[in-house]
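Reading the structure
Here is how the chains run, residue by residue.
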Amino acid sequence: MNEKRFRYHREDFVPFPITMEHMDIEIRFFDAHVEAANTIALKALEPLTHIALDARDLEIRAVRFRPHGSPPQDSRAVPYRLDEQQHKLLIVPPRPIPAGERFLVETESLCRPSDHLLEGIYNDVTPPGAPQQYMSQCQQWGFQRILPVIDDCRAKCTMTTTLEGDARYTHLISNGNISRRHNPDGVPVPVPGHPHRKRITYHNPVPMAPYLFIACAGTWDELVDFVTYPSGRTIRLEYLVPPGRRHDARLPMDILKDAVLWIYHNQGYEYPGETYRTICMTKSNYGGMENVGNTTIVTDAALVTDHSLDSHLLYTYAVIVHEFEHNQCGSETTMETPFDMWLNEAYTVDVERRYMADRFDPTFVRLQQVDALRNPLLGPLAIEDGGAAGAIVRQGFNDPDELVDSVTYVKGAEVIRMLRLMLGVKAFDAGIRLYFTRYKNGNANTDQFFQCFEDAAGVSLAAFKKKWLERPGYPKVTARTLYDAPSRTLTLTLRQDTAGDEEPFPVPVDVALVDHHGRDLEGTAATLILTSREQTFRFADLPSPPAFASLNRDASFYGSFAEENRDDDTLALQALKDPNRFNRVEAFRTLTDRQRILQITSPGCAVSDAWLSLYGRILTDADLSSACKACMLRIDEQPLDRRYAAWFPELVRARDALMAAVNTRYAADLTACFHELRPSLVSPASLQDGIEKRLLFSVLVDLIAVADTPEVHGMLLDAFQNARTATERCAALTALHRSSWPGRLALLEETYALWHRDVTGYANYLKVIASGMHPDVWSLVEREKERPGFDLTHPTLSRALLVTMAQNTRHIWTEDGIDWIRRHVIELASINAGIARRLLNTFQHVPRLKPEWRRRVCLALEDIVERVSEKTNPSIFGQAAAYLESCRRHAMLEA
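Throughout what follows, the structure given in this document is the object of discussion.

Scoring rules and cut-offs
- Residues numbered from 1 in each chain as written.
- Predicted model: local features only at pLDDT ≥ 70, side-chain atom pairs only at ≥ 80, totals over all residues.
- Heavy atoms only, no water.
- Pairing = 2+ DSSP bridges.
- Helix = DSSP H or I, 4+ residues; strand = E, 2+ residues; numbered from the N terminus.
- Contact = heavy atoms within 4.5 Å.
- Axes fitted to C-alpha atoms, helices over the stretch in contact; angles between N-to-C directions.
- Polar contact = N/O pair within 3.5 Å; in protein donor to acceptor, adjacent residues only side chain to side chain.
- Disulfide = S-S within 2.5 Å.
- Buried < 20%, exposed > 50% of the residue type's maximum accessible area, 1.4 Å probe, protein only.
- Parallel < 35°, antiparallel > 145°, perpendicular 65-115°, else oblique.
- Left-handed = near helix turned anticlockwise from the far one by under 90°.
- Salt bridge = Lys/Arg side-chain N within 4 Å of Asp/Glu carboxyl O.

What about the sheet that holds strand E18 (residues 221-228)?
- Strands sit in the order E18-E19-E20-E22-E21 across an open sheet of five strands; the sheet is mixed. Taken across any chain shown, the strands that pair with only one partner, and hence form the sheet edges, are E18 and strand E21 (288-289).
- As paired elements, E18 and strand E19 (residues 234-241) share eight bridges and run antiparallel to each other. Of the residues in E19, the one forming a bridge with Glu222 is Leu240.
- On top of the sheet, helix H1 (residues 250-267) reaches E18, E19 and strand E20 (275-281); it is set at about 25° to E18, its chief contact.

Thoughts on the sheet that holds strand E7 (residues 80-83)
- Strand order in the open sheet formed by three strands is E4-E8-E7, and the pairing between neighbours is antiparallel. On the outer flanks of this sheet lie strand E4 (51-54) and E7, each paired with one strand and no other. When strand polarity is set aside, the average angle formed by the axes of neighbouring strands in this sheet is 20°.

Comments concerning the side chain of His774
- Following the sequence through the fold, His774 ends up in the loop between helix H20 (759-770) and helix H21 (777-786).
- Reaching out from His774, the side chain makes a polar contact with the backbone oxygen of Arg738 at a distance of 3.3 Å.
- Discounting residues that sit within four places of it in the chain, His774 has contacts with His737, Arg738, Ser739, Ser740, Arg744 and His811.

Brief notes about the state of the cysteines
- Per the stated rule, a full pass over the model turns up one disulfide.
- Here Cys858 pairs with Cys887 through a disulfide, and the sulfurs are 2.2 Å apart. Classification of the bridge connecting Cys858 and Cys887 rests on its S-S torsion, roughly 105°, and on that basis the disulfide is right-handed. Here the residue Cys858 occupies a position in helix H26 (residues 851-867), and Cys887 occupies one in helix H27 (residues 874-894), the gap between them amounting to 29 residues.
- Free cysteine Cys138: the closest other cysteine sulfur is in Cys111, separated by 10 Å.
- Looking at Cys138, the relative accessible area reads 0%, which means it is buried.
- Residue Cys280 stays outside any disulfide, its sulfur separated by 11 Å from that of Cys216, the closest cysteine.

What to know about the pairing of E7
- Where E7 lies against strand E8 (residues 88-91), four bridges are found, and the strand directions are antiparallel. Of the residues in E8, the one forming a bridge with Tyr80 is Ile91.
- Between E7 and E8, which follow one another and run antiparallel, lie four residues, and His87 among them has a positive phi close to 55°.

Some details on the packing of helix H13 (residues 609-619) against helix H14 (residues 626-633)
- One way to put it is that H13 packs onto H14 with a least axis distance of 10 Å and a crossing angle of 160°. Relative to H14, the element H13 is oriented roughly antiparallel. The crossing of H13 and H14 is left-handed. Contacts between H13 and H14 involve Tyr615, Ile618 and Leu619 on the former and, on the latter, Lys629, Met632 and Leu633.

Considerations on the pattern of salt bridges
- The tally for this structure, following the rule as stated, stands at 76 salt bridges.
- A salt bridge links Arg354 to Asp350; the nearest nitrogen and oxygen atoms lie 3.1 Å apart. Note that Arg354 and Asp350 are positioned in helix H4 (residues 341-359) at a spacing of four residues, about one turn of the helix.
- Assessed through its relative accessible area of 24%, Arg354 is described here as partly exposed.

Digging into unusual backbone geometry
- Gln140 follows Gln139 through a cis peptide bond whose omega is -5°.
- Take Gln140: it is sitting in the loop between strand E11 (134-137) and strand E12 (157-166).
- Positive phi outside glycine occurs at Asp541, with the angle close to 55°.
- One non-glycine residue, Asp554, lies in positive phi territory at about 55°.
- Residue placement: Asp554 occurs in the loop between strand E31 (548-551) and strand E32 (560-563).
- Here Asp554 falls in the partly exposed class, since its relative accessible area comes to 24%.

See the structure below:
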C-alpha cells in the first residue's frame, strides 16, 4: 500500500509530555445516554502551557484544574476547546506547569451510545423487560468515546471506577476488585435519595492500559464456580449469561477451570485478581475481548447449546483460553503501540494452539490451523498473494481494526512457532519467561521482545525479525531428493524462491527418512534450517534404503512447499505409510491437487484410475483416524499449488469433476460408511469426543449428495430429521438446499421458524441459505436481508449471511457476484466496516485474476473508491485503493 494512504505511522507515537498516574472515574448509565466524571492524576514530563486529552464524539460539560494534594473545593474551571477533527480536548491550565509537577484535571462529559458503532459504550441487545443493556469496547481507541483520557497503550495507570445505574440491572461491571469500603457486601448499594438507582465501586491497583477498560450495565444470570491453585489460593469465576441460559454455560465453565490451571502449569502464570468474569455480549466486531479480569465473548461462542456447531465448540475452547492468557500477555505485559499488536496476539494464539493440541488430537488441530492459513478469503497466504499486505509489523494503518486480521493472528502465531523450532524449546521458554518478567506491568515493543530471546539463547535474531516481521511475502520452498545406494547416502536439496531480489527467509524444515514399513530411520529426524536460496543436506550411512523422505512435517514453516521429483507412486506410499499423520494427509492432498490441476488445464479429461483406487483404500481404511480420513477425502477449492489460487471458476468445475468421479465409483461404499458412522457421532461421555467423526460425516454427506437422486434426498432428509447435533443437522440441510429435491424451500422456511429465535441457530440457518448452489441463492439472500429479525449492523448475523455468500465461489465469481460484493461494500462501509472489510477481501487477488475478471474487479474497485469517503471510512477506502493500485501496477508490468 502506498504510504500516503496511511493515516498513522510509527513515528506518530512520540513520547508523552505528561503521564497518567491514577484515574477516579464515575460513570452513570441512563436510558439513552451515559454521563461520566473523571479526575485524572497527571505528572508533567516537560514544561506545559496546555494539556491535550483524547476525546471523540463527546459532549464536554466541565473541565477543572486542581493542584495535586488539594481538596476538591480548590478545583478551578479552566478554558478548553474541543478539536473534533483531531479528536482532542485542549485544556489551558491556570498557569504554566513546570516539568515534574503533579496536578489533577477533572472533566464532566456525556456520550450517546450507538446501536451499530461498537466502540466505547454501545447499545447491546436488551433482555425483555430489562433496562437498556450497555456493553463497552475500548480496543483500540474506544475509551476516548466514553470520557477524555490519554488513549494510548503506554498510558498505563491505576483506576478507581464507580458505576451507577438503574436498580433493575443485575450487574454493573468494571475492572478490578470490588471496593469493600464502598460496597461491604460486594454488591451494588442504593444511591442515597434515589431508590431506583444503585452504584458499585471497583479499585484496580495494577497499572492498566486504557484500551483494556470495561464499563457495562446489564441483565444477566450468573453461574459461579471456583478454582484453587496449588498454592491454596482460590479465585472466583463468574459466567454472566442471558437470562434463563445458565445451563448453557456449564461446559464453558468447565473449560475455563481447566484452562486456568493449564496456563498455571504450562505458563507459570497465576491470576492475581479476586474474580475473573466471562460476560456474554450479543454485538461485537470481535469474538472476544480481554478487559483485565473481565472477558467479553459473543454469546454464540461463549455458550454451548443444541445449536452449537463443532466449529463453535472448538472456538469456545480456543477463545476461553486465549482471553484468559491475555491477563498475562496483553494486560500485565502490554504492546507499546498498535504496531506491536502482534506481540499481544501472536503469542496468545500460540498458547491457545498448544492448549488445543493437549485437549484434542494434535494432528487434527494442526490440520485445522493449516486450513486457516490457506483459507482463500481470509487466510494470510491469500492476503499476501494479493500483494497489497502481508507484513506483520506494518508500515502504517488507517484504522487499528485493520490490524485485527489473519496476518497478525495466524501468520504471527506461525512466526512464534518457527522461533520455538529454531531456538529449541528450552531456550524459547527461557526467552518468554524473561520477557514477562522484564516487562511485567509495563509496555514492550517488537525489538524488546526479540532482545529477550537473544539474551536467553545467546544468538542474534536480527535477520529472523527483519525478514519474517518487517516485510510481506513468504518463502516458496522446493525440495529434491537423491539416494545413492553404494554410499547409503540420501542427498536433500532445498531451494527457496522469494519475490524479486529479496534475501531468503530463515526457514525451519522438519524432516525424517521413512523405511518401507512406515518407520522413521533412526537418527534421521531433524529440524533443518534453510538460510540461503539453496542448501544441500546429506544423510549418510543409512541402515537401509529409505522409501521416501517425510519433509516439512506438520507444516513446520509458513509458506508453500513442493517436492519436485516426487512421483505419484511415492506419494501414494507416503499417504499410506508415513508415521507422521499430518504428512500422510498432505501426501494425498498433493495427489488430489495434481488431479485438480489436470481438470483446470485440461477440462473434461479422465480422472486418474490410480488416484481413485487410492481414494477407495483410504475410504475403507478402518485404522485411519476419522479426522485424517475426513481431511484426505474432502475435495475443496483450495489448491496447494498457489499459482492456481485465483482461478476461481475453474476450481469450482474441477471440484465438481473430482467429486462426481468419486461418487460414480464409490456410491455404495460412501453410503455404507455413512450408515456405519451415524450411530457413533455422539459420545455418551462428552459432545467434544465426537468432533472428528462428525467432520467425516460432513465430508461423506457432501460426497453422497452429488448423486442428487430421490434415494439420496430421502437419506439426507432422514439424517436431518434424526440428527442429534447441530453439525449433523446443518450438513444434511446444506446438502438438501443444494440438491434438486422439490421440498427444499419449504424445509428451509420450516427451519427458519424453528431456529431464528436463537442467535446461534439463526446464524446457522443464514449460512445454509448463503451456501446454495441454485440461481435462486441471490433472491434467497435478499429475502433474508428483508426479514424483520435481520439487522445488517448485527455482526454475527451479517457475518453468517454475507461473508458466507462471499465465500460461495460458484456464484461470486460471476458478473452478478462481483456487483453484489461492490454494492455491499459500499452499503456497509459506514455501518459495519468489519464485515465490509471481509467482503472486500474477495477482490484481494485482483492482480492474479485472468484478464476478463481483472477488468470487472477493477471497475468495481474504482466505484468503491469513488463512493466510499476517505475521510469517514479511511480503512475501507484505503483497502480498496490498495487493491486498485496493485491491479494498475500489475497492468503496467504486463505492458
